[in-house]
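# Remarks on the overall topology
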Protein chains: 2
Amino acid sequence: MPTARDVANRAGVSQSTVSRVLNNHPHVRPETRKRVLDAIAELDYHPNQAARSLVTQRTGSIGLVVGDIRNPFFAETAKGIVDTSRSYGYRVVLCTTDNQDTLQSEAIKLLRSQEVDGLIFGSVRMDDAEVLALIESGFPCVLYNRVLKTDAGSYVVLDNRKGARMATEHLLKLGHRRIAVLTGSRQFSTFAHRLEGYSEVLREYGIPVDRHLILDHQAYAADRIGTLRRLLGQRRPPTAIFALTDDYALQVLDTLAELDVPVPEGMAVVGFDDIRIAGHSRIGLTTVAQRKDLMGRLAVESLMELITARAEGRTPQPIRLVLEPQLIVRRTCGAQR
Amino acid sequence: MPTARDVANRAGVSQSTVSRVLNNHPHVRPETRKRVLDAIAELDYHPNQAARSLVTQRTGSIGLVVGDIRNPFFAETAKGIVDTSRSYGYRVVLCTTDNQDTLQSEAIKLLRSQEVDGLIFGSVRMDDAEVLALIESGFPCVLYNRVLKTDAGSYVVLDNRKGARMATEHLLKLGHRRIAVLTGSRQFSTFAHRLEGYSEVLREYGIPVDRHLILDHQAYAADRIGTLRRLLGQRRPPTAIFALTDDYALQVLDTLAELDVPVPEGMAVVGFDDIRIAGHSRIGLTTVAQRKDLMGRLAVESLMELITARAEGRTPQPIRLVLEPQLIVRRTCGAQR
DNA sequence: CTGAAAGCGCTTACAG
DNA sequence: CTGAAAGCGCTTACAG
C-alpha cells in the first residue's frame, strides 16, 4: 500500500504538502497541487484512516445501536441514518443488541475506545443506567424512538402518547367501548407512553381501564391461541384490539385468523408504526404512522451537532425533537365498511 | 481519556507490560498482571483502536455492502452477518448503495483506506468491473446472494437455478401451462439464474418459452395495473405468475386485488426468498426458501478465512458455497385448495 | 507557499 | 519476566 511518503517522493514535495492537498488547505500553489494530485492518482493512493484518526482524534464513524435490524421499523430508520451520515462524510457501524445489556455495553465500548465519534440508540430501556452515565459524561449520543425515564440527553421521538390517543379515540368514535391493548414491556418508553395515551382517552370518555383488557406481549407470544381465546371468552369480551406495534398487530391478525374471527367484523384491530407491509392490500392495517425516514435523518443531524460542539469544546444544550403522529385509517378498524 | 501510559504509571510498570496484559501475552507475572488490570479498571481505560490498527495493520471491522437494508432479505441476512462478526470480535460497517455505482465505489474505498479488513457484497452486478478488479487484487471480499459473470472470487449463494426449477415444476404439476414470470434486471445473477431455471423446466416439459409472459419489473413498477391488465388480456393469458422475489410477489398480490382477480382461483402466484411476512396467514405465499441466517453466517466465516490467509501471507483458494433451496407450499399456488 | 520535526497511542522486536 | 526504543502513517504547529 502506498503511503503519503511515496506520494511525496513521486511528486517531489514534502509529506506536509501532500497532507495539505489531501485536506484542501489553502496556500498550496496550483502547480504543486496538480503534481501531488497526479502522484496520488498514479499510485492509487488512499490515506490510511487509522493514522488520520490517531492524530485528528476523530474517526468519521458513528455507531447505530438497535435491538434487531430485521424489525422493519429499525430497518427503515437505519436507511435514513446511513444516508444522512454519508452526506456528512460519516460511516455507520451497525450494532444489534437483541435487547441484551452485554451487547449494548459492547457498543458503548466503541465510543470509549474511540472507534466511533458518537452513538445513536434506538432501543434504550427507560432505566438504563449505563446509557444515562454515558450521556452525563458528555459523550455525543442521541436516542431515537425510545427515551430515558429522566428525560436526559438528546433525542428524536414520536409523540407516542398522542399517537395512542389518536388510535384509541378513533376506535371509541367507531363505537367500541371494550378495547383491549397488546403491549410490550413498560420498561420501554414507547410502550409506557402509548399505554398512557390509551388510558387517558378511556378515562376522558368515562370508561374505566380494565386490566383484564391489557395483554402483555410476552405472555401472548408464549401462547397466542390460548391468550386470545381467554380474552374472547370473558363475560364482556373486547370488540377491538389496539396492538402497540404493527409487528404485534400482524401477529394478532394471524391468531384471529386461526380462531376464525373475522376482522374487522368480529374484532377491530389497530396497530402502531405504519411499517411498509401495513399498507398491503392483504393486510390493510389501520395504524399510527411515524416518519421513520425523517426520524433517522434528524437523529443523525442532532448527533452531528453534538459531535461538532464537543470537538469545539462547547457543552451543547440537549436537542429534543418530538415528531407528530398521523392516524392512517385502513380496513382492520372497520371504519371503511 | 486515559492512555496506556497513564495505566503504566499507575501500575508502576512500563507501557510494554500494559500492552502485554491487554493482549493476553504469556510471560507476565500474575502479580504484575493484577496490578495492571486494577489500574485499567480504576482509570476505566479503553485502548485507542486507531493506534492499535495503525501498528497491527488490522482494523477489526468489515464492511457490509447492500442495495437497500429495508429489503427484508438484506435485513435478515444482515442479522446473521452482524452476529457472526461479533463472535469473531469484528464490527460491521453498513454501506447501502441504492444500487448506485458511486456509492459502491465509496464502500470499496473503505478497504483501500484500511478502514475495514474485508468486504461482503450482497448486491453485485454480474459485470461489475470494479468488484472484479478488487477480487483480482487479492483484497479479502466475499459475495453473497449474487455473483459475478466470471464466477470469480469467493461467494455464498443459493442454487438459484434449482430453486426456480422447483417453483416452476410445482406449478406445472398443478396443471399450469401458461406461467408468466416477473423478473428484475438480468444484470443480476439472481434473476439471470432463476430465469434460466424457469426456462429449462418449461423446455423439459415441451413448453416453448413465450416472451410475452416475461415481465420486467421496471416496466411493471411504472404501471402496475396496466401491465397486469395487458398480461391478462392476451389471447391465451397465463394462469400463474412466478415472481422472482417475494417483494415482487407481494406487489403482484396487491395489483391482482385491485383488479379483483382472486388468488389462487383466478391466478396462482409463487414468490422467491421466503421473507418473514410470506408466512403470514393473510399472505400465505408459496415461495422458494433461502437459509438467510446461514447465508450470512457462512459469508462472514468465509471472509474471516480470507482475512486470516492474507494476514499470514497465504494466497487462499476461493471459497464457493452453494446452498440448497427449499420449496414452501402455502396458499397462493392453489395446491392446498 | 513549503519543509523538518514532533507527536497522536499503541505494538513489537530487541535486550537484559 | 520486563523495559527502552523504534515505528505504524498521518496532521499540525513552527520556521523560513
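Here is what the cut-offs are and how they apply
Residues numbered from 1 in each chain as written. Chains lettered and ligands numbered in written order. Predicted model: local features only at pLDDT ≥ 70, side-chain atom pairs only at ≥ 80, totals over all residues. Heavy atoms only, no water. Contact = heavy atoms within 4.5 Å. Buried area = accessible area lost by both parts, 1.4 Å probe. Salt bridge = Lys/Arg side-chain N within 4 Å of Asp/Glu carboxyl O. Polar contact = N/O pair within 3.5 Å; in protein donor to acceptor, adjacent residues only side chain to side chain. Helix = DSSP H or I, 4+ residues; strand = E, 2+ residues; numbered from the N terminus. Nonpolar A, V, L, I, M, F, W, Y, C, P; charged D, E, K, R; others polar. Pairing = 2+ DSSP bridges. Axes fitted to C-alpha atoms, helices over the stretch in contact; angles between N-to-C directions. Parallel < 35°, antiparallel > 145°, perpendicular 65-115°, else oblique. Left-handed = near helix turned anticlockwise from the far one by under 90°. Near = heavy atom within 4 Å.

Chain A goes by LacI family transcriptional regulator in an unreviewed UniProt entry, where it is assigned to Caldinitratiruptor microaerophilus.

It is worth spelling out the interface of chain A and chain B at this point. Taken residue by residue, the interface counts 52 residues in chain A and 52 residues in chain B. Interface of chain A and chain B: buried area, both sides summed, is about 4,700 Å²; carbon and sulfur atoms make up 58% of it. On the chain A side of the contact with chain B, R70, K79 and R282 of chain A bury the most area, a combined 16% of that side's loss. Inspection of the chain A/chain B interface yields 6 salt bridges. Salt-bridge contacts for K79 of chain B lead to D98 of chain A; the nearest nitrogen and oxygen are separated by 2.7 Å. Our count for the contact surface shared by chain A and chain B stands at 19 residue pairs in polar contact (both at pLDDT 80 or more). Put simply, the parts of the chain that give the side of chain A that touches chain B at least two residues each are α4 (49–56), α5 (72–87), β2 (91–96), α6 (101–112) and α12 (246–258) of chain A. Among the elements that line the side of chain A that touches chain B, the one with the most residues is α5 of chain A, at 7 residues. Here the side of chain A that touches chain B is composed, by residue class, of 22 nonpolar, 13 polar and 17 charged.

So, on to the sheet that holds strand β7 (residues 214–216) of chain B. Sheets are built from strands paired through backbone hydrogen bonds, the pairs being either parallel or antiparallel. Residue and element names in this part refer to chain B. The 4 strands are arranged β7-β6-β8-β9 in an open sheet whose pairing can be described as parallel. Strands at the two margins of the open sheet, each flanked by one partner only, are β7 and β9 (268–270). The sheet shows a mean angle of 20° between the axes of neighbouring strands, direction not considered. Pairing of strand β6 (residues 179–183) with β7, which is carried by 3 bridges, proceeds in the parallel orientation. By the bridge assignment, V181 is partnered in β7 with I214. Of the strands in this sheet, β6, β8 (240–243) and β9 touch helix α8 (residues 160–173), which is tilted by about 170° from β8.

Our next topic: the packing of helix α1 (residues 4–11) of chain B against helix α3 (residues 30–43) of chain B. Residues and elements named next belong to chain B. Contact geometry of α1 with α3 gives a least axis separation of 9 Å together with a crossing angle of 125°. Here α3 runs oblique to α1, going by the angle between their axes. Both α1 and α3 take part in a crossing whose hand is right-handed. The residues of α3 that touch α1, namely those facing D6, V7, R10 and A11, are R35, V36, A39, I40, E42 and L43. Looking at the contact of α1 with α3 residue by residue, the class counts come to 6 nonpolar, no polar and 4 charged.

In this section: the protein's contact with DNA strand C. Neighbouring DNA strand C are 27 residues, the closest being S16, T17, R20 and T32 of chain A together with S19 of chain B. Within the backbone of R29 of chain A, a nitrogen or oxygen atom sits 2.9 Å from a phosphate oxygen of DNA strand C. In the environment of DNA strand C, a phosphate oxygen lies 2.3 Å from a nitrogen or oxygen atom belonging to the side chain of T32 of chain A. Those elements that place two or more of their residues in the surface near DNA strand C are α2 (15–22) and α4 of chain A together with α2 (15–22) and α4 (49–56) of chain B. No other element matches the 5 residues that α4 of chain B contributes to the surface near DNA strand C. Each residue belonging to the surface near DNA strand C can be placed in one class, and the counts come to 10 nonpolar, 13 polar and 4 charged.

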